[in-house]
Amino acid sequence: MSVPVTMIITILVTWFVQSKANIPELDVVSYHLTIEPNIQQKSLKGTVVVKFRIDKTAPQVTFSSGNLKIDKLTGNHIVGYTNRDGSLIIELAKRSQVENEIIIEYHGSPTRGLWFNSQHDYAYTIFSTSQWMICNDSPADKALFDLNILVPEDKICVASGDLVSRITKNGKVAYTFQQNYESPSYTYGFTIGNFNQAQDSIGPTQLQYYAQDYSSDQLLNIFKETPEVISFFERKSGVKYNQSTYSQILIGDYYQEMSGFSTLKHTYGQLVLNDSMETNLISHELAHQWWGNRVTCSSWSHFWLNEAVATFMSAAYNEVRFGKEAYMANINAYRQVYQTVKENGNDKPLVFDQWINPTKDDRNLVYFKGAYVLHLLREKMGDQAFWDAIRSYTIRYYGKSVNTQEFQHAMEASSGLDLQDFFNEWVYLVRN
Ligand SMILES: [Zn+2]
């Protein structure tokens, strides 16, 4: 593996800042979004219909709203609202039901969360969903997501959910996507641009590859590992990949997994073309289709359960694909990152009490110390017990939220081992 470990994954985590707006009792059932981004003007207008449950005595409900401006807000039992500092606070009248529906019309010019490139004429989302759609940012609040998006006729749109329809009218194309399972709002997204395409498949799943900078033949070469990676994660998780498509788009400067697709930094393609053994980012983002998108950390404090597992899984794939040496090369790289953080005096528990403004070292802990700790856990438990436990953990929490204690208990329940000392030492940094 010639990939520097610092490149293995660098998901931006600025959306954590917004999590103060979360209200624990808010349960969004579905978002139905109609949106029209304008790439040249770097702006958007949208309407989102939000169905949600909240205690009928709750006097207000709070959503995250980024820098979006509200044009109109309608729904039963609404007394008024304020929209400032990234939060939309809606005052509710007395009512008899816990189920509510509101319709929010808005516009905005996001400076993050949705990146516009007017020169190359593309746009793509990258976390911070509330920068382009009013939503609840809490990872524990999983909901259905329908997307109607209007794009110029010459553009392709890839988005979360199954493509239901594509209708051309007056020089524009209206795409409709429906996501038929609940997932956290940070996994929603879309990408718009003029792309070269290539296709592959695994079982009933269409694999779609897109980029501006690479030919169709190059895309097939860059993403050639994808079917094998999916097959590997299906075996390790005990859960089939169950969406009709998985798309990968080489675009922009970041990496992010979303429901049913991932965006990867556009230069990553060249990295793979130069090194046929490079699979780390393809497998890391794909791993999130199980660990992250479906088995989701219950709050950002337990974010390592998303990122450490995905980082560890990319090493585990290299082990079956290229051998133990390749796996250990990854693990040693993770350990070295952790060692540097320790030498900087910045070692911390993997469960963060309050992840408000994470440093680079904090992120390195969550990704790389976390992945190294999973390797140590595998060594302690033994291969059979470890992978059996990973499978039963994944099956049990698939579609649900999970915290670190539940992860520990799942690993213990499956193996019959007492792992408290291990978790104290490596996860909680508690001296016995
Ligand atoms: Zn990740």
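Since this is a predicted model, take the numbers as computed values, not measurements. (Residues numbered from 1 in each chain as written. Predicted model: local features only at pLDDT ≥ 70, side-chain atom pairs only at ≥ 80, totals over all residues.)

S.K.: Whenever I open this one, the overall build of the chain confuses me. Can you help?
M.R.: Assigned secondary structure in the chain consists of 10 helices and 21 strands. Its C-alpha atoms give the chain principal-axis dimensions of about 55 × 55 × 40 Å. Here the chain, with 432 residues, has 45% of them falling under the buried criterion. The contacts of the chain with a sequence gap of at least 6 include a subset with a gap of at least 24, amounting to 67%. (Helix = DSSP H or I, 4+ residues; strand = E, 2+ residues; numbered from the N terminus. Buried ≥ 20, exposed ≤ 12 C-beta atoms within 10 Å, placed from the backbone. Contact = placed C-beta atoms within 7 Å.)

S.K.: Explain the sheet that holds strand β12 (residues 162-169) to me, please; I cannot follow it from the model alone.
M.R.: Strand pairs in the sheet, formed through backbone hydrogen bonds, run parallel or antiparallel to each other. Read from one edge of the open sheet, 7 strands run β4-β7-β2-β1-β10-β13-β12, paired in mixed fashion. Both edges of this open sheet fall to β4 (69-75) and β12, since each of them pairs with a single strand only. Mean inter-strand twist for the sheet, computed between neighbouring axes without regard to direction, equals 15 degrees. In terms of strand pairing, β4 meets strand β7 (residues 99-108) through 6 bridges, oriented antiparallel. By the bridge assignment for β7, isoleucine 70 is matched with tyrosine 106. (Pairing = 2+ DSSP bridges. Axes fitted to C-alpha atoms, helices over the stretch in contact; angles between N-to-C directions.)

S.K.: I keep staring at the sheet that holds strand β3 (residues 60-64) and nothing clicks. Help me out?
M.R.: Taken in spatial order, the 3 strands of this open sheet run β3-β6-β5, and their pairing is antiparallel. Across the chains shown, the open sheet's two edge strands, defined by having one partner strand only, are β3 and β5 (78-84). Recorded for the sheet is a direction-independent mean angle of 15 degrees between the axes of neighbouring strands. Where β3 lies against strand β6 (residues 87-92), 5 bridges are found, and the strand directions are antiparallel.

S.K.: For this particular structure, what's the right way to read the packing of helix α5 (residues 304-322) against helix α7 (residues 360-381)?
M.R.: Packed helix pairs are characterised by how far apart their axes lie and by the angle those axes make with each other. Close contact between α5 and α7 brings their axes to 8 Å; oriented N to C, the two are set at 65 degrees. Crossing of α5 against α7: the hand is right-handed. Only Val366, Tyr367, Phe368, Gly370, Ala371, Val373, Leu374 and His375 of α7 make contact with α5, whose side of the interface consists of Trp304, Glu307, Ala308, Val309, Thr311, Phe312 and Ala315. Its residues placed into classes, the contact of α5 with α7 shows 11 nonpolar, 3 polar and 1 charged. (Left-handed = near helix turned anticlockwise from the far one by under 90°. Nonpolar A, V, L, I, M, F, W, Y, C, P; charged D, E, K, R; others polar.)

S.K.: Got a minute to help me understand the domain arrangement of the chain in this structure?
M.R.: The figure often quoted for interface size is the accessible area lost as the parts come together. Each assigned domain of the chain is listed here: domain 1 (14-193), domain 2 (196-287) and domain 3 (296-426). Centre-to-centre separation of domain 2 and domain 3, based on C-alpha positions: 23 Å. Contacts between the two partners involve 14 residues from domain 2, matched on the other side by 16 residues from domain 3. Those elements that place two or more of their residues in the side of domain 2 that touches domain 3 are α2 (226-237) and α4 (280-287). With 6 residues, the top contributor of residues to the side of domain 2 that touches domain 3 is α2. Looking at the side of domain 2 that touches domain 3 residue by residue, the class counts come to 6 nonpolar, 6 polar and 2 charged. (Domains from an automatic or database assignment.)

S.K.: Sorry if this is basic, but what is going on with α2 here?
M.R.: Counted at 1.5 Å a residue, the expected span for α2 with its 12 residues is 16 Å, and the 16 Å between its end C-alpha atoms agrees. Those residues of α2 that sit buried are Thr226, Val229, Ile230, Phe232, Phe233 and Ser237. Viewed end-on, α2 has its buried residues packed into an arc of 160 degrees, placing them on one side of the element. Contacts made by the buried residues of α2 are with β15 (196-202), β16 (205-211), α4, α5 and α8 (383-397). Positive phi shows up at glycine 238, right after α2, with a value of about 75 degrees. (Expected span 1.5 Å × (residues − 1). Arc of directions from axis to C-beta.)

S.K.: I'm lost on unusual backbone geometry in this one. Help?
M.R.: When glycine is set aside, most residues are seen to have a negative phi, and most peptide bonds are trans. Located in the positive-phi region is aspartate 121, a residue other than glycine, with phi close to 60 degrees. Take aspartate 121: it is sitting in the loop between β8 (114-117) and β9 (122-125). A residue is classified by how many C-beta atoms lie within 10 Å of it, and aspartate 121, with 16 of them, is partly exposed. For phenylalanine 127, which is not glycine, the phi torsion reads 50 degrees and is therefore positive. Tracing the sequence through the fold places phenylalanine 127 in the loop between β9 and β10 (142-152).

S.K.: Hey, could you run me through the environment of valine 158 in this one?
M.R.: If you trace the backbone, valine 158 turns up in strand β11 (residues 156-159). Here valine 158 falls in the buried class, since 26 other C-beta atoms lie within 10 Å of it. Placed 215 residues apart in sequence, valine 158 and valine 373 show a C-alpha to C-alpha distance of 35 Å.

S.K.: I keep staring at the packing of α5 against helix α6 (residues 324-343) and nothing clicks. Help me out?
M.R.: Contact geometry for α5 and α6: axes closest at 6 Å, N-to-C directions at 155 degrees. When the interaxial angle is binned, α5 and α6 end up roughly antiparallel. Residues Thr311, Ala315, Ala316, Asn318, Glu319 and Phe322 of α5 form the contact with α6, whose own contacting residues are Lys324, Ala326, Tyr327, Asn330, Ile331 and Tyr334. Within the contact of α5 with α6, the residues separate by chemical class into 7 nonpolar, 3 polar and 2 charged. (Parallel < 35°, antiparallel > 145°, perpendicular 65-115°, else oblique.)

S.K.: Can you walk me through α8 in this structure?
M.R.: At 3.6 residues per turn, the α-helix brings residues three or four places apart onto the same side. With 15 residues, α8 extends 21 Å between its outermost C-alpha atoms, agreeing within 8% with the 21 Å of an ideal straight helix rising 1.5 Å per residue. At the C-terminal side of α8, glycine 399 shows a positive phi close to 85 degrees.

S.K.: For this particular structure, what's the right way to read the nonpolar core?
M.R.: Nonpolar side chains in soluble globular proteins generally cluster together in the buried interior. Residues Tyr31, Ile134, Ala308, Val309 and Ala371 are the most contacted members of the largest nonpolar core, which totals 117 residues. Sequence-distant contacts of alanine 371, defined by excluding residues within four places in its chain, comprise Ala308, Thr311, Phe312, Ala315 and Tyr334. (Core = buried A, V, L, I, M, F, W, Y, C linked by C-beta atoms within 7 Å.)

S.K.: Explain the environment of arginine 431 here, please?
M.R.: Structurally, arginine 431 can be placed in the segment after α10 (420-426). On the basis of neighbour count, arginine 431 is assigned to the exposed category, with 6 C-beta atoms found within 10 Å. Once the C-alpha coordinates of arginine 431 and asparagine 148 are considered, the two residues, 283 residues apart in sequence, prove to be 53 Å apart.

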